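# Remarks on the overall topology
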Amino acid sequence: MQPTFDITARQGELVVSASGAWEKTSLAACPGTCETFTSRALSAMQGDVRAVRLIAPELEGWDSPLLAAFHTIAREAFSRGLSVDVSGLPDGMAPMLDMALAVPPRDQGVKKTEPGFLEMLGEKCLAWPGITLDVVNFIGEVSQSMARFFTGRASCSSRDMWNVLRECGVDALPIVTLTSLLLGLILAFVSSMQLKLFGAEIYVASLVGVSMVRVMGPVLTGIVLSGRTGASFAAVIGSMQVNEEVDALTGFGISPTDFLVLPRVLGLAVMTPLLTLYADVAGMAGGFLVGVLMLGIAPASYLANTLEFLTMSYVWIGLLHALVFGFIISLCGCYQGIRCGRNASAVGRATTSAVVSSIVGIIVATSVITIIFTVLDL
Amino acid sequence: MSDAIADNAAVTAQNVTVAYGSRVVQSGLSFTVRKGDIFIIMGGSGCGKSSLLRVLMGLTPPAQGAVYYGKENFWGAPVKEREAIMRRTGVMFQSGALWTSRTLAENVALPLEYYTSLSPREIRDIAAFKLALVGLAGFEDFYPSEISGGMRKRAGLARALALDPDVVYFDEPSAGLDPVSAARLDELILQLRDTLGMTVVVVTHELASIFTIANNSVFLDAKTKTMIAGGDPHELLKSGPDDVVEFLTRGKGRDRGGIA
C-alpha cells in the first residue's frame, strides 16, 4: 500500500496520522511524500491548536524517514509550547522519539551568514597586519632556536636531521639531474639560434655556464625543492597538527620550533646550495651536449670558453641565491604546517600555500639579489 | 560449508585467521552472531580485537577462513555484492572518523544522498533526527573540529545509523565518554536492537557495558592467539575458563573498589 497521511485539527488538537508502507524503498516510488507530510503538519500547527497527537494506524512498515518526520513535527510542536502525545505510535517508535527528544536542542545563537564580496575583501585586508606580525614572530622564533642551536643550548635530534638531509638532498638528485640537464639543453639550443646570426656560436658555452651558475641553477633547484620538499614539510607538520602531535610535544616542554622546524630549516639550508652546485654542473653538461653534438664546437674550446667567462664570484652569487632559497622554502613549508588548521582540508590549504608562497618568495628574492648585485656592479 | 550456517545467523566467522603479512594475530576463530544479538569481542590489549573487527566489517580480507553475512560468503562475493552488503552495515570508529570538512548534518547526510532518492529536506530531517537520537540536537551545522571528542564519537554513531543498517559495528564505543554518556550509549544500543532489530557487534573492555548489554561474546587470547571462550558473558562468568573469569571479575572488583 502507498504511504498516506492525514492531518486534521479538532477542538484544539491536531491529529497527525500516517499509514501504509513508509520504508525508504516504498517512499522511492512516490518521492516527496515525506516532505509534503512534514510541511503540511508544520503549517497546520497554528490558530487554536494546543496539542499534537501523532498516530500511525495501519502502518505496514517504517524506518528513518517517517521517524525523522515525526521527530521534526514533535520538535517544532515543543518549541511552540504545544503538548505532544506519542502513545498512539507503534511499539518501538515512541521510545526512539522519546530518546531523540530527551536532550533539548542546543541554542545555536546567531547563525553565521555567508559574507559578501566586499566583506570578504575587507576581512582579508584587515587580516594582513595580523598575518605579517605572525610571520615575523615565527621568523623570530626560528632565529632564536637557531641561536640556541649554535650556542649548543638547543638539541635537535640528529636522526631527524639526517632524514631531512636524505629526503630533500639525495632523494631529489634524479629530478634535479633531469630538469637541469634539460634546462641546459634548452638554453643552449635557444641561444644558439640567435648567436648563429652573428656567427658567435662559441659563446653558447659561456652563456649557458654563466646563466646556469649565477641564477638559473639556483632558481630551478629552488622551484623543484619547493614543490618537492616545501610541500612535504607543510603536509607532515600539518597532519601532526591535526593529530595534536604538536600539542603533545609542547606538553612535554619540547619546543616544536626546535624539534620540527629547526632540523628542516638547517637541513634545507645545507642541501639547497649543494644541490645547486650539482644542478649547475648538470645544466652545463646539457649545454655541452648541444654545443658539441649539434653546433660542432670542439669540446676543448667549449670548456675553454666556459672557464674564461665563469668567474668565482658568479659561483658565490649562485650559492648565495641557493642559501636564501633554502631558508625561504623551509620557512614557508614549516610556517604553513605549524599554523595549519585542525581538519583534512586545512592540510591541503597549508600545502598549497607553502608551495605558492615559496615560489613567489624565490622570484622576489631573485629580483632583489639581482638588483643589489647590479648596483654593486658584480 | 554454507549449509552449516543457522538460519538466524547475521554474521558468521568460519576458521578465520587474522594476520599482518606473515605475523599471525589470531587464528582458528569460528563463531556466529545471531540476528538481534549484542555481540561483544573482548580480550586484553593488543590481542587483535580491532583487527578482527576490520575483517568482519569488510575492510581487510582474512588471511584464511571465511566470513558469512547471512548465508553469503562475504570475501568470496564479487565487489558489487560486497558493497551492497557493506551498505547494510554501519561502523562507529574509535575516534569518530568524521569527515572533517563537512558539518555533522552533512556527515550523516552523505550516505543518504548517495544511496537514497529522498529530497534534500527529508535528508536534512533524517540527519537532524539521527543527531538528536545520540543527544546532539542543535549541533547540525557544527564542524567536527568545533565539538568535543565524546560528541564526535556520538556523531560517528549517528552517521553509522544513517542508512538504518542491519549490523552495526562499534570499536570501543565508551572509551573517552563520561559514565553517564557511556550508560546512555548502552541504553541507545539496547533500544536500537529492540526497536529496529539491529544486530550489534562491539569491541570493548568496559565491563559495565559487557554485562548490561551483551548476550553473546567471543574472548580472544593474546598468548595462544586464538579464541578461548564464547557465549553469553553471564554464563562465562559462572563456568568459563579461568582467564576469562579473571578478566570479567578483576575489573568488576576494580569498578567497585577503585584501583587498589
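Keep in mind it's a predicted model, so treat the numbers as computed, not measured.

Each helix and strand counted, chain B has 9 helices and 10 strands in total. Over its C-alpha atoms chain B spans a radius of gyration of 18 Å, differing by no more than 12% from the 18 Å that the globule rule assigns to 260 residues. Seen through its principal axes, chain B has C-alpha atoms that stretch 55 × 50 × 35 Å. Going through the 260 residues of chain B one by one, you find that 54% of them count as buried. A separation threshold of at least 6 residues defines the contact pool for chain B, and within that pool the share at least 24 residues apart is 64%. Positive and negative side-chain charges in chain B, numbering 27 and 29 respectively, have mean positions lying 3 Å apart.

Residues and elements named next belong to chain A. Within the largest apolar cluster, 86 residues are counted, with the highest numbers of intra-cluster contacts made by Leu54 and Phe70. In terms of residues, this core owes the most to one element, helix α3 (residues 64-79), which gives 8 residues. Residues in contact with phenylalanine 70, not counting those within four places in the same chain, are Val16, Ala18, Phe37, Leu54, Ile55, Leu89, Met93 and Leu97. The next biggest cluster of nonpolar side chains, apart from the first, holds 37 residues, and it includes Phe233, Met240, Ile328 and Tyr335.

Moving on to the sheet that holds strand β10 (residues 226-230) of chain B. Residue and element names in this part refer to chain B. As summarised here, the arrangement of the 6 strands in space is β6-β7-β8-β3-β9-β10, forming an open sheet in which the pairing is mixed. The outermost strands of the open sheet, each flanked by one partner alone, are β6 (89-92) and β10. Across this sheet, the average inter-strand angle for adjacent strands is 20°, counted without regard to direction. Here strand β9 (residues 216-221) runs beside β10; their pairing, made up of 4 bridges, is antiparallel. Within β10, the position partnered with aspartate 221 by the bridge is threonine 226.

Another point: the sheet that holds strand β2 (residues 23-34) of chain B. All names here are of chain B. Strands sit in the order β2-β1-β4-β5 across an open sheet of 4 strands; the sheet is antiparallel. Since the sheet does not close on itself, it has two edges, and those belong to β2 and β5 (72-73), each with one partner. When strand β4 (residues 64-69) meets β5, the two strands line up antiparallel, connected through 2 bridges. Pairing of tyrosine 69 across the sheet is with glutamate 72, part of β5. Sitting on the sheet, helix α1 (residues 49-57) touches β1 (9-20), β2 and β4, and the angle it makes with β1 is about 125°.

Entries for chain A in the domain assignment read domain 1 (4-102) and domain 2 (147-375). Its C-alpha centre places domain 1 of chain A at a distance of 66 Å from the equivalent point of domain 2 of chain A.

Take the state of the cysteines next. Enumeration over the complete set of coordinates arrives at 0 disulfides over all chains. Among the cysteines around cysteine 30 of chain A, which has no disulfide bond, cysteine 34 of chain A carries the closest sulfur, lying 10 Å off.

This part takes up the interface of chain B and chain A. Taken together, the 34 residues of chain B in the interface contact 36 residues of chain A. Carbon and sulfur atoms supply 64% of the area buried between chain B and chain A, which totals about 2700 Å² over both sides. In terms of surface lost to chain A, no three residues of chain B exceed Arg121, Glu122 and Phe129 of chain B, which account for 20% of the buried area on that side. The interface formed by chain B and chain A includes 1 salt bridge.

The next point concerns the packing of aromatic side chains. All names here are of chain A. Inspection of the entire model under this criterion finds 12 aromatic pairs over all chains. Considering the side-chain rings of phenylalanine 138 and tyrosine 335, the 5.3 Å spacing of their centres and the 65° angle between planes classify their relative orientation as edge-to-face. Of the two residues, phenylalanine 138 sits in helix α5 (residues 117-150) while tyrosine 335 sits in helix α12 (residues 312-338), which places them 197 residues apart along the sequence. Here the two residues phenylalanine 138 and tyrosine 335 agree in accessibility, since each one is buried. Taking 5.3 Å as the distance between ring centres and 85° as the angle between the ring planes, the aromatic pair formed by phenylalanine 288 and tyrosine 302 counts as edge-to-face. Residue phenylalanine 288 is found in helix α10 (residues 256-294), and its partner tyrosine 302 is found in helix α11 (residues 299-309); the two are separated by 14 residues along the sequence.

Residues and elements named next belong to chain A. Taken residue by residue, α11 has Tyr302, Asn305 and Thr306 as its buried positions. What you see down the axis of α11 is that its buried residues fit within an arc of 100°, all on one side. Summarising the geometry of α11, the exposed residues directed more than 90 degrees from the buried face are Ala300, Leu307 and Glu308. In the core, the buried residues of α11 are packed alongside α8 (203-242) and α10.

A few words now on α5 of chain A. Residues and elements named next belong to chain A. Relative to the 50 Å expected for 34 residues at 1.5 Å per residue, α5 spans 48 Å between its end C-alpha atoms, a close match to the ideal helical length. Here α5 has its buried residues at Phe138, Val142, Ser145 and Met146. Considering only its buried residues, α5 is in contact with α10 and α12. Backbone geometry just after α5 places glycine 152 at a positive phi near 80°.

Before going further, it helps to examine the pattern of salt bridges. Applying the stated rule across the entire model yields 14 salt bridges over all chains. Among the salt bridges present, the one from aspartate 247 of chain A reaches arginine 342 of chain A, with a minimum N-O distance of 2.8 Å. Of this pair, aspartate 247 of chain A sits in helix α9 (residues 245-251) while arginine 342 of chain A sits in the loop between α12 and α13 (344-375), and the two are 95 residues apart along the sequence. For aspartate 247 of chain A, a relative accessible area of 36% corresponds to the partly exposed category. For aspartate 125 of chain B, the salt bridge goes to arginine 121 of chain B, with nearest N and O atoms at 3.5 Å. A residue pair is termed a helical-turn pair when its members lie 3 or 4 positions apart in one helix, as aspartate 125 of chain B and arginine 121 of chain B do in helix α4 (residues 120-133) at 4 residues.

Attention now moves to the packing of α5 of chain A against α10 of chain A. Residues and elements named next belong to chain A. Taken N-terminus to C-terminus, the directions of α5 and α10 make an angle of 85°; their axes are 10 Å apart at the nearest point. Compared by their axis directions, α5 and α10 come out roughly perpendicular. Along its contact with α5, which presents Phe138, Glu141, Val142, Ser145, Met146, Arg148, Phe149 and Phe150, the element α10 presents Thr257, Asp258, Val261, Leu262, Val265 and Leu266. Looking at side-chain class alone, the contact of α5 with α10 contains 9 nonpolar, 2 polar and 3 charged residues.

What follows covers the side chain of threonine 204 of chain B. Residue and element names in this part refer to chain B. Mapped onto the elements, threonine 204 comes out in the loop between β8 (199-203) and α7 (207-213). With relative accessibility at 2%, the residue threonine 204 sits in the buried group. Sequence-distant contacts of threonine 204, that is, excluding residues within four places in its chain, are made with Ile40, Ile41, Met42, Glu172, Pro173, Ser174 and Ile210.

Next up on the list: the environment of valine 347 of chain A. Residue and element names in this part refer to chain A. The residue valine 347 is located in helix α13 in this model. Classification of valine 347 by relative accessible area gives buried; the value is 15%. On a C-alpha basis, the gap between valine 347 and glycine 337 in space is 7.6 Å, while along the polypeptide they are 10 residues apart. Those residues in contact with valine 347, other than ones at most four positions away along the chain, are Ala235, Gly238, Ser239, Val242 and Cys340.

On to the side chain of aspartate 160 of chain A, then. Residues and elements named next belong to chain A. Mapped onto the secondary structure, aspartate 160 falls in helix α6 (residues 158-168). The buried charged residue aspartate 160 lacks any salt bridge partner; its closest oppositely charged side chain belongs to arginine 159, at an N-O distance of 4.4 Å. In this structure, aspartate 160 is in contact with Phe259 and Pro263, ignoring residues within four places of it in sequence.

Each value, and the rule that gives it
- Residues numbered from 1 in each chain as written.
- Chains lettered and ligands numbered in written order.
- Predicted model: local features only at pLDDT ≥ 70, side-chain atom pairs only at ≥ 80, totals over all residues.
- Heavy atoms only, no water.
- Helix = DSSP H or I, 4+ residues; strand = E, 2+ residues; numbered from the N terminus.
- Rg over C-alpha atoms; globule rule 2.2 N^0.38 Å.
- Buried < 20%, exposed > 50% of the residue type's maximum accessible area, 1.4 Å probe, protein only.
- Contact = heavy atoms within 4.5 Å.
- Lys, Arg positive; Asp, Glu negative; His and termini not counted.
- Charge placed at Lys NZ, Arg CZ, Asp CG, Glu CD.
- Core = buried A, V, L, I, M, F, W, Y, C linked by side-chain atoms within 4.5 Å.
- Pairing = 2+ DSSP bridges.
- Axes fitted to C-alpha atoms, helices over the stretch in contact; angles between N-to-C directions.
- Domains from an automatic or database assignment.
- Disulfide = S-S within 2.5 Å.
- Buried area = accessible area lost by both parts, 1.4 Å probe.
- Salt bridge = Lys/Arg side-chain N within 4 Å of Asp/Glu carboxyl O.
- Phe/Tyr/Trp six-rings, centres within 6.5 Å; stacked < 30°, edge-to-face > 60°.
- Arc of directions from axis to C-beta.
- Expected span 1.5 Å × (residues − 1).
- Parallel < 35°, antiparallel > 145°, perpendicular 65-115°, else oblique.
- Nonpolar A, V, L, I, M, F, W, Y, C, P; charged D, E, K, R; others polar.

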